[in-house]
Every structure is written in C-alpha cells, then in structure tokens.
Amino acid sequence: MNQEQVVNQEYLAVYEVFIRSARGLDHKHVGSLHAESPEHALMYARDCYLRRSEGVSVWVVKATDITASQESDLENFVDPMDDKDYRHATHYVLPDSVTNM
Amino acid sequence: MQKVDDAQAQIEFDRRVADEQKIEPTDWMPDDYRKNLIRQMSQHAHSEVIGMQPEGNWITRAPSLRRKAILLAKVQDEGGHGLYLYSATETLGITRSEMIEALQTRKAKYASIFNYPTLNWADIGAVGWLVDGAAIVNQIALQRTSYGPYSRAMIRICKEESFHQRQGYELIYAMAKGSPEQKEMAQDALNRFWWPSLMMFGPHDSDSAHSAKSMQWKIKRETNDVLRQRFIDQTVPQIEVLGLEMPDPEIKWNEEKGQYDSGEINWQEFYEVINGNGPCNHQRIKHHLKAHKDGEWVREAVRAYAEKQQAKKAANVA
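Residues numbered from 1 in each chain as written. Chains lettered and ligands numbered in written order. Predicted model: local features only at pLDDT ≥ 70, side-chain atom pairs only at ≥ 80, totals over all residues. Heavy atoms only, no water.

Asker: Explain the overall build of chain B to me, please; I cannot follow it from the model alone.
Answerer: In terms of helices and strands, chain B carries 13 helices and two strands. Against the compact-globule benchmark of 20 Å for 318 residues, chain B has a radius of gyration of 22 Å, which places it among compact chains. Its C-alpha atoms put chain B at 75 × 50 × 35 Å along the principal axes. Of the accessible surface of chain B, which amounts to about 15,700 Å², a share of 55% is contributed by carbon and sulfur atoms. (Helix = DSSP H or I, 4+ residues; strand = E, 2+ residues; numbered from the N terminus. Rg over C-alpha atoms; globule rule 2.2 N^0.38 Å. Areas by Shrake-Rupley, 256 points an atom, 1.4 Å probe, with all protein chains shown as cover.)

Asker: Can you help me understand the interface of chain A and chain B in this one?
Answerer: One frequently used descriptor of interface size is the decrease in accessible area upon assembly of the parts. Counting residues at the interface gives 19 residues for chain A and 24 residues for chain B. Summing both sides of the interface, chain A and chain B together bury roughly 2,000 Å²; the carbon and sulfur share of this comes to 57%. Together, R23(A), Y92(A) and M101(A) form the three largest contributors to the area buried by chain A at its contact with chain B, with a combined 38%. On inspection of chain A and its partner chain B, the count reaches four salt bridges. Here E24(B) makes a salt bridge to R20(A), at a shortest N to O gap of 3.3 Å. At the surface where chain A touches chain B, the tally comes to 13 residue pairs in polar contact (both at pLDDT 80 or more). A breakdown of the residues in the side of chain A that touches chain B according to their chemical character gives nine nonpolar, six polar and four charged. (Contact = heavy atoms within 4.5 Å. Buried area = accessible area lost by both parts, 1.4 Å probe. Salt bridge = Lys/Arg side-chain N within 4 Å of Asp/Glu carboxyl O. Polar contact = N/O pair within 3.5 Å; in protein donor to acceptor, adjacent residues only side chain to side chain. Nonpolar A, V, L, I, M, F, W, Y, C, P; charged D, E, K, R; others polar.)

Asker: It is not clear to me how the sheet that holds strand β1 (residues 13-20) of chain A should be interpreted in this structure. Could you clarify?
Answerer: Residues and elements named next belong to chain A. Spatial ordering of the open sheet is given by β2-β1-β3, a layout of three strands whose pairing is antiparallel. In this open sheet, the two edge strands, each paired with only one partner strand, are β2 (28-35) and β3 (57-62). Direction aside, the axes of adjacent strands within the sheet are offset by 30° on average. Contacts from helix α2 (residues 38-49) reach β1, β2 and β3, with the element oriented near 120° to β2. (Pairing = 2+ DSSP bridges. Axes fitted to C-alpha atoms, helices over the stretch in contact; angles between N-to-C directions.)

Asker: Before we go on, may I ask you to explain the confidence of the model for chain B in this structure?
Answerer: Close inspection of predicted coordinates is inappropriate for parts of the model with low pLDDT. The predicted model of chain B averages 95 in pLDDT, with 99% of residues at 70 or higher. At the low end of the mean pLDDT range in chain B sits helix α9 (residues 211-216) of chain B, at 88; at the high end sits helix α8 (residues 180-199) of chain B, at 98. (pLDDT = per-residue confidence, 0-100.)

Asker: Explain the side chain of N254(B) here, please?
Answerer: Residues and elements named next belong to chain B. Residue placement: N254 occurs in strand β1 (residues 252-254). Judged by relative accessible area, N254 falls into the buried class, the value being 15%. Apart from residues lying up to four places away in sequence, N254 is in contact with Q259, Y260 and D261. (Buried < 20%, exposed > 50% of the residue type's maximum accessible area, 1.4 Å probe, protein only.)

Asker: Help me understand the environment of I239(B), please; the structure alone is not making it clear to me.
Answerer: All names here are of chain B. Locating I239 in the fold gives a position in helix α10 (residues 224-242). Considering only alpha carbons, one finds I239 and Y173, 66 residues apart in sequence, at a separation of 9.5 Å. In this structure, I239 is in contact with W129, L190, W194, L244, E245, M246 and P247, ignoring residues within four places of it in sequence.

Asker: How should the pattern of salt bridges be read in this particular structure?
Answerer: Pairs can form between side chains of opposite charge once their charged atoms are near each other. Tallied over the entire structure, the rule returns 27 salt bridges over all chains. In this structure, D26(A) engages R156(B) in a salt bridge whose closest nitrogen and oxygen atoms are separated by 3.3 Å. In this pair, D26(A) sits in the loop between β1 and β2 while R156(B) sits in helix α7 (residues 148-176), so the two residues belong to two different chains. What makes D26(A) partly exposed here is its relative accessible area of 42%.

Asker: How should the packing of aromatic side chains be read in this particular structure?
Answerer: Aromatic ring pairs are defined here through the distance separating the ring centres and the angle between the ring planes. All names here are of chain B. Enumeration over the complete set of coordinates arrives at 12 aromatic pairs over all chains. When the ring of F201 is compared with that of F231, the centres are 5.7 Å apart and the planes differ by 45°; the resulting orientation is tilted. Of the two residues, F201 is situated in the loop between α8 and α9 and F231 in helix α10; the sequence distance between them amounts to 30 residues. Exposure remark for F201: the relative accessible area of 6% places this residue in the buried category. Exposure remark for F231: the relative accessible area of 0% places this residue in the buried category. Ring centres of W253 and Y260 lie 4.9 Å apart, and the angle between their planes is 70°; this geometry places the pair in the edge-to-face category. Of the residues examined, Y260 reaches a relative accessible area of 13% and is grouped as buried. One aromatic cluster in this structure is built from F13, W28, Y33 and W217. It is R61 that lies over the ring of W58; its NZ or CZ is 4.4 Å from the centre. K213 extends its terminal NZ or CZ atom over the ring of W217, reaching a point 4.9 Å from the ring centre. (Phe/Tyr/Trp six-rings, centres within 6.5 Å; stacked < 30°, edge-to-face > 60°. Lys NZ or Arg CZ within 6 Å of the ring centre and 35° of its normal.)

Asker: Which parts of the structure should I look at to understand a negative patch on the surface?
Answerer: Taken together, the side chains of D79(A), D82(A), D83(A) and D85(A) make up a negatively charged region of the molecular surface. Take D83(A): it is sitting in the segment after α3 (74-77). (Patch = residues over 30% accessible without salt bridge, like charges linked within 9 Å, V, L, I, M, F, W, Y side chains within 5 Å. Lys, Arg positive; Asp, Glu negative; His and termini not counted. Charge placed at Lys NZ, Arg CZ, Asp CG, Glu CD.)

Asker: Explain the pairing of β1(A) here, please?
Answerer: For a regular strand, side-chain orientation follows a simple rule: the groups alternate between the two sheet faces. Residues and elements named next belong to chain A. The buried count for β1 comes to six of eight residues, which makes it a mostly enclosed element. Relative to β2, β1 is paired through seven bridges, and the arrangement is antiparallel. Bridge pairing links V14 to H34 in β2.

Asker: Could you clarify how one ought to interpret the environment of E54(A) in this entry?
Answerer: Residue and element names in this part refer to chain A. Following the sequence through the fold, E54 ends up in the loop between α2 and β3. Taking the C-alpha atoms as reference points, E54 and T64, separated by 10 residues in sequence, lie 25 Å from one another. In contact with E54, not counting residues within four places along its chain, are I19, S21 and Y49. At 3.1 Å, the side chain of E54 forms a polar contact with the backbone nitrogen of R51.

Asker: Looking at this structure, how should I read the packing of helix α2 (residues 31-50) of chain B against helix α4 (residues 65-90) of chain B?
Answerer: Between two packed helices, both the angle of their axes relative to each other and the distance between the axes serve to describe the pair. Residues and elements named next belong to chain B. Across the interface, α2 lies against α4 with an axial gap of 7 Å and an inter-helix angle of 160°. Of the possible angle classes, the one that applies to α2 and α4 is roughly antiparallel. For the pair α2 and α4, the crossing hand works out as left-handed. Residues I38, M41, S42, H44, A45, H46, E48 and V49 of α2 form the contact with α4, whose participating residues are E78, H81, G82, L85, Y86, A88 and T89. (Parallel < 35°, antiparallel > 145°, perpendicular 65-115°, else oblique. Left-handed = near helix turned anticlockwise from the far one by under 90°.)

Put into structure tokens, the structure is as follows:
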C-alpha cells in the first residue's frame, strides 16, 4: 500500500463501533467508521460517537474480524424450535392458588 | 499484585461500589475482591454443570415423551448457564482449564444439593420446584451484584430459568394429585429435598466465612438468612396447594414477624456434604472426570482441524 492509497478512504479498514452507555450494561453497536489503525479508530469513534455523553466505554472491532450469520440463510442456520413450547414458562398451567412462581 | 500507589484506585473503587455503579473487567479492583468473585462465580458455574447429573439421571427413564423432552431442554439450559458463568469468570483473569482443574481436584466447591441422589421420578419435580426455586431466589438478588459481567449473566440466566421451576411444580403437582403411591413418592421427594434446599443458601450469616466482606463489596446483595427466609415464605403455601405434609413439623406462621418459623437445619450434615462426604460427592466428580476424558478426542479433533486450516491458508498465501 503506497502513501497515495493510505489517504484514500476507500483503502482504509472499516471498524465497527460499540458503546457501553453506562456501567453494568452491555456494549451496543452504534455504527462504523474508516480508520488506518485500531488506535485511530478509537479516537475517531470518540470524536464521532461520544460527543454527547453517549457512553463510558468504547470498543472498536475491525469489520473483517467479525464473522457473521447471513439473515437470508437464517432458516437453515438456526431453528428457534417454536414448536417446542414447553421450553417457555407459559406452557405450564398451575393452579390459581399458586402465586410467586 | 497490589502496589502502594493503588490507594487512589482503592478510593475510586470504593466510591463506585458505594454509588451502586458496576465494576467492569478492565477496572482496578482489590485483589481480595477479585479472589472472592472468582471463588463465588466459579462455584456457581460448577454448580450449573454438576447439577446436570442428578437430572440427567432420569432422562432415559422419563415416564412420557413430553416429560423426556422437557427434561432434556432443562438440562441443556443448565449447560448453557455454566458456559455464561465460566465466561464471565474468565473476565477476572482465570482460565477455563484452571477452573475445571480446581473442580476436579476438589479445590473448588459446588452447590451441596447436587451431592444428593435423585431416587424416584418425583425427585425431578422436587429438583425443579425446590432447587431451582431456591436458586432463583438467590439469582434474582445477584442480578444487582456489583461486578458487571456477573450481573449480566444473572439477568440472562433468570430469564431462561423461568420455565424450570414451573415444570418441576407441574410434575410434582400431578403426582401429589395422582394415585396414593404417586402421592407418597411426591411426599418422599419433598421430605428429602426440603432440608438440602434450605442449605443451598449457605451457613447462618453469623457463621458465614465470606458473607460480611461480600456484602460490603456488594458481591452479595442480601444475606444467606434473609434469602432463605424468603424462600421458606414463598414455598410453604405451595406445599399447602399440593396437599402434602410439611417436611418440617416446626413450620408455623408467625403473625408477629409476618413470616414462617421453622426448625433448625442439621448443620453437621451440611458441612459433611460440603467437605466431600455427601452421598454422591465421589460419583459426581468421578463422572465429570470421565466425561472430560471421554471428550478429549473432540478437543483433539478441533485442534487438528485448526492446524490443518492454518497450513492450508499458509499454502495459499505462498
């Protein structure tokens, strides 16, 4: 990669940005950006996504490092087993006198 | 290792805990806080995994396809809960293999209840109703624990736990309202699992080695005795609905206190079981070791596959 290419945004890696809005909560995906290194991605994320106290912690992850499922192939990929309703609490009918369960 | 200039970090940590903020993995934390968490969380993870054994015992002998499917789904959930908790514990800097090693060499403990056998089919009802019931009381409180990853794992687990207790109660209800023989089995299961379920909450607050510190750090949010009383108060009316005899003759409503009085736990039994001399301690660890050893070929295959893929990639690049 020569110098000319580096300045061209098309050649910069895409980073996905995750923010923890408050301690105790999960990091949540908020968007993405281009950057020349993880360290720069973190600074850009700070500049773009944390301008109004949106969070207390940021993760940046190179998009190419993410292995993702394909929504179009979801049926073949995961079976939520909706026919097995016994996996849900509502399946079990208990006497009305039983509270607190 | 703690350094002298950690004093400032300690002040910050104390302030966060006091302010009901969560502690996250990259934060500074006192060594003892970390150690205490590793002990409690890994013990919790081991309990989920070892807990699969007494229930798994009945999968092949469930009396109907429906009951078998329910039990399979429940045991599968417990395995997943173990995974959540091991992963959350790993954020504290201990590896999975260190934790497994500690379990297998009996350095780490797990809930003493799983050292009791499941002798009749009604026991599966009692386990779901009482053991999961007690676990839920404990885990609801732990959703507010001060360590972020533990808290989030608890929230996830409580969501999935909702069906476990209900299927157990439905099962034991069917038996309690069934033939005299079935009712007898239900009573027997209740009698045997009642006391060990109460022991799940641990020693009295006054005798609990880790309680005071854990409460101060907000790892634990409510004391053993408070949680145990809550479990008794919510469970006694459920026993009445079943039409079964109370497993403890001293259970009696105390109008003044607004709670049930109950008899004293046999603490000698509790310590015997915790220290390895319960009816199934040996069997549980032996089985875990065997399952671990039997699974070695899978781990070996995973490693071989990864190496092969890597070699392939390298060849393509060259």
